[in-house]
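A look at the structure
What follows is each chain in one-letter form.
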Amino acid sequence: MLNEFYSVRMRAAEGGAHEQGGRHISGGERLGQKGDLHELAAELLAKSLNHSRGDCDFIQVVIEKLHGQEMKTISPLPVSTEHVRNVAEGREKAAFLLSTLGISDEAIKRGLNLLKRSTRQRGAMIIDSQTGQRLDERELKGVRVSRMDWEAKGWEKWSASYRTLSSSRIREALALASKVASSPYTLAELCWSDDPDYVTGYVASPSIGYRRITHLKEIGDSCGGRIFFAERGCNISAYIAYLEKTPVWLQYEPTNLISEGGQGYEGLGRSGVTANP
Ligand code: AMP
């Protein structure tokens, strides 16, 4: 039987719609079949209405059928955690990891500065991994990675394997980071949330996986967002088209863990992971 899939997206702002100057509060993207649409829309609505960034007065949920588009299937990045004592140590660790991935000092400095100043950004900022120059020219809108989700069984198995990390936040962030890392134009991603009560962030890339860093900002700070460090000479319109439009399913088999690492990767029954994923 031919499965027909739908993309479900939500964006919410305070002070009117984003394009009328409203402040971005929340967003979300899921994939599903016709029978899942009520539930997915309700989950995204609940997410927009219960957000620590504020009380939104503009909420948009868009549902689109993906006419005949082929689904790409990928595995989630392997997850590990760097335990740091404070923000300075966390940002130093992030800079070190980015530099081992071939990103220039200038681009790292610019990436960190962009996130420190960013409090209203709706999507990611794409910057050149050598010059640090912003490539997407989308200002506050940025590039919203869409059309990715976990295959239901894949998420069930992953959350059974990574019990202490299983949350909707990690579910969404790992799907996003895995899709971003699956583009040949991505060298690395740096993220910390703009939620004031959430201080763990990550650096992700195909080679180091999804590396959580326990403190990338102070509690109460509303700065944050996502930076994608692009390969030199990247075709920016093809890159953005992939991030926004190509449907991607995450599938997971616990055997991935064995082939992908063993040293330091968290999974099957491991504990000692911070309660703030
Ligand atoms: P969150 O991880 O949901 O707290 O999001 C933190 C910030 O990351 C948001 O304010 C956006 O700037 C950015 N972001 C969240 N979701 C996406 C997405 N799907 N694509 C691109 N950027 C995103």
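Not measured: the values here are computed from a predicted model.

**Observations regarding the nonpolar core**
Formed by 35 residues in total, the largest nonpolar core has its most connected members in Trp158, Tyr210, Phe228 and Leu243. If you list the elements that add at least two residues to this core, you get strand 7 (148-150), helix 4 (152-161), helix 5 (168-181), strand 9 (201-205), strand 11 (225-230), helix 6 (236-245) and strand 12 (248-250). Among the elements that make up this core, the one with the highest residue count is helix 5 (8 residues). The residues touching Phe228, leaving out its near neighbours within four places in the chain, are Ala124, Met125, Ile126, Ile127, Val145, Leu176, Val180, Ala188, Glu189, Tyr239 and Leu243. Counting 24 residues, the second-largest nonpolar core is a separate cluster that includes Val84, Ala94, Met125 and Ile127.

**Remarks on the pairing of strand 1 (residues 6-14)**
With 7 of 9 residues buried, strand 1 is to be regarded as a mostly interior element. Two strands pair when backbone bridges link them, and strand 1 and strand 3 (residues 58-65) are joined in this way by 8 bridges, in the antiparallel orientation. Opposite Arg11, over in strand 3, you have Gln60 as the bridge partner.

**Structural notes on a nonpolar patch on the surface**
Taken together, the side chains of Leu45, Leu49, Ile59, Val61 and Ile63 present a nonpolar region at the surface, about 380 Å² in accessible area. The dominant element in the nonpolar patch, judged by the number of residues it contributes, is strand 3, at 3 residues. For Ile63, the location among the structural elements is in strand 3.

**With respect to the domain arrangement of the protein chain**
Annotation of the protein chain at the domain level lists domain 1 (5-69) and domain 2 (73-250). Its C-alpha centre places domain 1 at a distance of 20 Å from the equivalent point of domain 2. Taken together, the 21 residues of domain 1 in the interface contact 21 residues of domain 2. Overall, the association of domain 1 and domain 2 removes approximately 1800 Å² of surface from exposure, summing both partners, and the carbon and sulfur fraction of that is 48%.

Conventions used here
Residues numbered from 1 in each chain as written. Predicted model: local features only at pLDDT ≥ 70, side-chain atom pairs only at ≥ 80, totals over all residues. Heavy atoms only, no water. Core = buried A, V, L, I, M, F, W, Y, C linked by side-chain atoms within 4.5 Å. Buried < 20%, exposed > 50% of the residue type's maximum accessible area, 1.4 Å probe, protein only. Helix = DSSP H or I, 4+ residues; strand = E, 2+ residues; numbered from the N terminus. Contact = heavy atoms within 4.5 Å. Pairing = 2+ DSSP bridges. Patch = residues over 30% accessible without salt bridge, like charges linked within 9 Å, V, L, I, M, F, W, Y side chains within 5 Å. Areas by Shrake-Rupley, 256 points an atom, 1.4 Å probe, with all protein chains shown as cover. Salt bridge = Lys/Arg side-chain N within 4 Å of Asp/Glu carboxyl O. Domains from an automatic or database assignment. Buried area = accessible area lost by both parts, 1.4 Å probe.

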